[in-house]
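Here is what each chain is made of, one letter per residue.
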Amino acid sequence: MEPDRELVEARQRKEMQTSIKSSIWLSVKGRLSVDEVSGIMFNFAYNSIRAGRR
């Protein structure tokens, strides 16, 4: 029996979100402040948009 495609896609999205959260929240420097995390998220989005326009 083949798994439901929507269920598989939902599971993949959740795994990707968990992976992204882990890479932001786990830092070699230890726990990050809200300002540091928001700066990382802003720079990630900003640089992604800039890279797409080249």
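For the chain, the count of helices and strands is two helices and zero strands. Accessible surface for the chain amounts to roughly 5,500 Å². Of this, 58% is attributable to carbon and sulfur atoms.

Scanning the model with the defined rule gives one salt bridge in all. Salt-bridge contacts for E9 lead to R5; the nearest nitrogen and oxygen are separated by 3.1 Å. Of this pair, E9 and R5 both sit in helix α1 (residues 5-25), four residues apart, which is roughly one turn of that helix.

Calculation rules
Residues numbered from 1 in each chain as written. Predicted model: local features only at pLDDT ≥ 70, side-chain atom pairs only at ≥ 80, totals over all residues. Heavy atoms only, no water. Helix = DSSP H or I, 4+ residues; strand = E, 2+ residues; numbered from the N terminus. Areas by Shrake-Rupley, 256 points an atom, 1.4 Å probe, with all protein chains shown as cover. Salt bridge = Lys/Arg side-chain N within 4 Å of Asp/Glu carboxyl O.

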